[in-house]
Amino acid sequence: MKKMMPWLATMLLAITLIVVVVFVFMQGQNGTKNDTHTAAASEAKRMTADEIVEVSSELGEIKTNLADTDHVVVVSFSFKLSDKTAKEDFEKIKEITVKPIIIQTFADTKSEELATAKGRVQFNERLTGLINEALPEGKLSSTSFSAFVMAPM
């Protein structure tokens with residue numbers, strides 16, 4: 001038994017060392033991801049409130065039914081555009097071009113798709129793409145719900 005003790009101690013030390021190295025390596029990987037996420041978040045946070053207002057637009061209450069006609073939605077949207085010029089163009093066409101796009105997109109959407117936060121994010125991404133195709137200049141950066149109510153009829 002005395003001859004095996006040094007071997008056991010060496011094996012335990014080697015295993016412990018391997019576990020510590022793996023743990024430190026994994027922490028380093030997680031730290032890198034968090035740093036890039038933090039850098040992106042701080043980049044987005046650099047806009048002042050006045051700058052956000054300069055590139056943002058609101059579209060008031062829209063009432064329409066979904067693809068499954070037994071549900072109706074009442075929504076308001078907030079849009080963030082790439083620059084001030086894009087916002088000015090967007091303001092000119094939001095009632096005559098953007099609103100019909102939104103209503104048509106809801107007409108193709110089922111209530112199950114909007115029942116989850118993930119579904120709403122996907123809807124907003126799809127809507128952003130469709131509206132970008134209709135914009136004469138500039139780009140729509142993001143679309144989000146500022147109010148959302150879905151109810152059965």
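Residues numbered from 1 in each chain as written. Predicted model: local features only at pLDDT ≥ 70, side-chain atom pairs only at ≥ 80, totals over all residues. Heavy atoms only, no water.

J.: Before we go on, may I ask you to explain the overall build of the chain in this structure?
T.: Summing up its helical and strand segments, the chain has 4 helices and 3 strands in all. Each helix and strand of the chain, placed in order from N terminus to C terminus, yields the pattern α-α-β-β-α-α-β. When each of the 153 residues of the chain is scored for burial, the buried share is 25%. Taking contacts inside the chain between residues at least 6 apart in sequence as the whole, the part at least 24 apart equals 69%. Carbon together with sulfur atoms contributes 62% to the accessible area of the chain, which is approximately 10500 Å² in total. (Helix = DSSP H or I, 4+ residues; strand = E, 2+ residues; numbered from the N terminus. Buried < 20%, exposed > 50% of the residue type's maximum accessible area, 1.4 Å probe, protein only. Contact = heavy atoms within 4.5 Å. Areas by Shrake-Rupley, 256 points an atom, 1.4 Å probe, with all protein chains shown as cover.)

J.: Just to check I follow, could you spell out the packing of helix 3 (residues 84-107) against helix 4 (residues 117-134) for this structure?
T.: Each pair of packed helices can be summarised by the angle the axes make with each other and by the distance between the axes. Where helix 3 meets helix 4, the axes come as close as 10 Å, and the angle between the chain directions of the two elements is 135°. By the angle between their directions, the pair helix 3 and helix 4 is classed as oblique. Crossing of helix 3 against helix 4: the hand is right-handed. Across the interface between the two elements, Phe-90, Ile-93, Thr-97, Val-98, Ile-101, Ile-102, Thr-105 and Phe-106 from helix 3 touch Phe-123, Arg-126, Leu-127, Leu-130, Ile-131 and Ala-134 from helix 4. Looking at side-chain class alone, the contact of helix 3 with helix 4 contains 11 nonpolar, 2 polar and 1 charged residues. (Axes fitted to C-alpha atoms, helices over the stretch in contact; angles between N-to-C directions. Parallel < 35°, antiparallel > 145°, perpendicular 65-115°, else oblique. Left-handed = near helix turned anticlockwise from the far one by under 90°. Nonpolar A, V, L, I, M, F, W, Y, C, P; charged D, E, K, R; others polar.)

J.: What am I meant to see in the side chain of Asn-124 here?
T.: The topology assignment puts Asn-124 in helix 4. Look at Asn-124 and you get buried, because its relative accessible area is 9%. Ignoring sequence-local partners within four residues, the contact set of Asn-124 consists of Phe-77, Thr-143, Ser-144 and Phe-145.

J.: In this structure, what is going on with the confidence of the model for the chain? I would like to understand it.
T.: Atom-level detail of predicted coordinates should not be read off regions where pLDDT is low. Overall, the prediction assigns the chain a mean pLDDT of 85, with 88% of residues at 70 or greater. Across the chain, the secondary-structure element scoring lowest on mean pLDDT is helix 1 (residues 5-45), at 70, and the one scoring highest is strand 2 (residues 71-81), at 93. (pLDDT = per-residue confidence, 0-100.)

J.: Any chance you could explain the packing of aromatic side chains here in plain terms?
T.: To describe a pair of aromatic rings, you give the distance between the ring centres and the angle between the ring planes. This structure, assessed with the given rule, holds 7 aromatic pairs. Aromatic side chains Phe-77 and Phe-106 sit 6.3 Å apart centroid to centroid with 40° between the ring planes, which places their arrangement in the tilted category. With a gap of 29 residues between them, Phe-77 in strand 2 and Phe-106 in helix 3 connect regions that are remote in the sequence. Put simply, the rings of Phe-77, Phe-79, Phe-90, Phe-106, Phe-123, Phe-145 and Phe-148 touch in pairs and so form one group of aromatic residues. (Phe/Tyr/Trp six-rings, centres within 6.5 Å; stacked < 30°, edge-to-face > 60°.)

J.: Would you explain a nonpolar patch on the surface in this entry?
T.: A surface patch of nonpolar side chains, about 410 Å² in accessible area, is lined by Ile-18, Val-22, Phe-25 and Met-26. With respect to the helices, strands and loops of the structure, Ile-18 is situated in helix 1. Exposure remark for Ile-18: the relative accessible area of 56% places this residue in the exposed category. (Patch = residues over 30% accessible without salt bridge, like charges linked within 9 Å, V, L, I, M, F, W, Y side chains within 5 Å. Salt bridge = Lys/Arg side-chain N within 4 Å of Asp/Glu carboxyl O.)

J.: Sorry if this is basic, but what is going on with helix 4 here?
T.: Counting along an α-helix, one turn takes 3.6 residues, and residues three or four places apart therefore face a common direction. In a regular helix each residue adds 1.5 Å, so 18 residues correspond to 26 Å; helix 4 covers 26 Å between its end C-alpha atoms and thus fits that length. When helix 4 is considered as a whole, its buried residues turn out to be Gly-119, Phe-123, Asn-124, Leu-127, Thr-128 and Ile-131. Close packing links the buried residues of helix 4 with strand 2, helix 3 and strand 3 (140-152). (Expected span 1.5 Å × (residues − 1).)

J.: Would you mind going over the sheet that holds strand 3 with me for this structure?
T.: One key point about sheets: their strands pair by backbone hydrogen bonds, in either a parallel or an antiparallel sense. Ordered by their spatial adjacency, 3 strands build an open sheet running 1-2-3, and the pairing between neighbours is antiparallel. Both edges of this open sheet fall to strand 1 (56-65) and strand 3, since each of them pairs with a single strand only. For this sheet, the mean inter-axis angle between neighbouring strands, taken without regard to orientation, is 15°. Inspection of the sheet shows strand 1 paired to strand 2 by 8 bridges, in the antiparallel sense. Bridging from a neighbouring strand, Ile-62 pairs with Val-75 of strand 2. In this fold helix 3 packs onto strand 1, strand 2 and strand 3, with an angle of close to 25° to the strand it touches most, strand 1. On the sheet, helix 4 packs against strand 2 and strand 3 and is oriented at approximately 130° with respect to strand 3. (Pairing = 2+ DSSP bridges.)

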